[in-house]
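Observations on the three-dimensional arrangement
Each chain, written out:
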Amino acid sequence: MEPNRNVGPLYPDRHADLVKRCQQGERRAQYELYQQYVKAMYNVCLRIVNHEAEAEDVLQEAFIDAFTHINSFRGQSTFGAWLKQIVVNRAINHLRARRLELVDMESNRFGEDDGPDYADTEPFDEEGVQLEVERVRRAMQLLPEGYRVVLSLYLFEGYDHEEIGNVLNISETTSRTQYLRGKKRLLELLN
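Attention in this report is confined to the structure presented alongside it.

Reading guide: rules and limits
- Residues numbered from 1 in each chain as written.
- Predicted model: local features only at pLDDT ≥ 70, side-chain atom pairs only at ≥ 80, totals over all residues.
- Heavy atoms only, no water.
- Helix = DSSP H or I, 4+ residues; strand = E, 2+ residues; numbered from the N terminus.
- Buried < 20%, exposed > 50% of the residue type's maximum accessible area, 1.4 Å probe, protein only.
- Phe/Tyr/Trp six-rings, centres within 6.5 Å; stacked < 30°, edge-to-face > 60°.
- Contact = heavy atoms within 4.5 Å.

Quick word on unusual backbone geometry
Leaving glycine out, the prevailing phi sign among residues is negative, and the prevailing peptide bond configuration is trans. For Asn 50, which is not glycine, the phi dihedral falls at a positive 60°. As for its position among the elements, Asn 50 is in the loop between helix H2 (27-49) and helix H3 (52-68). Overall, the relative accessible area of 24% leaves Asn 50 in the partly exposed class. For Asn 169, which is not a glycine, the phi torsion comes out positive at approximately 60°. Structurally, the position occupied by Asn 169 is in the loop between helix H7 (161-168) and helix H8 (172-190). According to the relative accessible area criterion, Asn 169 is exposed, its value standing at 62%.

Structure (structure tokens):
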């Protein structure tokens with residue numbers, strides 16, 4: 001029995017019709033797709049580059065890349081995942097252009113990891129969540145770039161340490177070290 005070769009994309013995509021219309025060169029579809037993703041992708045950029053105007057620039061360049069190369073999108077992931085990869089790569093390249101220097105793995109600037117981190121045992125306060133989110137966001141902005149980028153990619157973008165290492169051209173061990181030191185520094189800033 002011959003396998004059915006018309007099974008469609010591996011991942012169903014709720015924006016498949018918009019993507020198809022973009023691939024056919026329809027400007028209105030590009031605008032609609034842009035509107036669907038602009039806010040989320042801006043937040044990705046901002047978490048990585050930590051500067052509003054630069055995040056806007058990176059985002060625009062990423063969308064230009066995406067729409068220029070939209071015919072290479074084959075539906076092997078969702079369009080959002082494909083776009084997010086472009087956005088993250090653009091943001092990382094922007095940081096490299098700013099000469100991102102990750103803290104050296106042997107650096108003792110913030111000390112060694114001194115044991116397990118214990119979660120806050122206080123009950124969850126729904127009314128204070130927004131305040132806490134803002135507090136964490138501000139603390140993240142104060143971290144050195146190397147820590148902030150690794151924490152953002154790991155915690156917010158869902159990358160694992162191997163993927164972070166590949167994207168940043170660092171070892172997996174360095175990614176883990178940056179993550180642990182960044183998390184420790186973030187907790188110090190929050191306390």
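Next comes the rest of the write-up.
Considerations on the packing of aromatic side chains
How two aromatic rings sit relative to each other is given by the distance of their centres and the angle of their planes. Counted according to the given criterion, the structure contains seven aromatic pairs. Ring centres 5.3 Å apart and planes at 55° place the aromatic pair Phe 73 and Trp 82 in the tilted group. For Trp 82, a relative accessible area of 18% gives the class buried. Each member of the aromatic cluster is reached from another via a ring pair, and the members are Tyr 37, Phe 73, Phe 79 and Trp 82.

Remarks on the environment of Leu 18
Summarising the element assignment, Leu 18 is placed in helix H1 (residues 16-23). Sequence-wise, Leu 18 and Gln 30 are twelve residues apart; in three dimensions their C-alpha atoms are separated by 7.5 Å. Apart from the residues within four sequence positions on either side, Leu 18 is in contact with Ala 29, Glu 32, Leu 33 and Gln 36.

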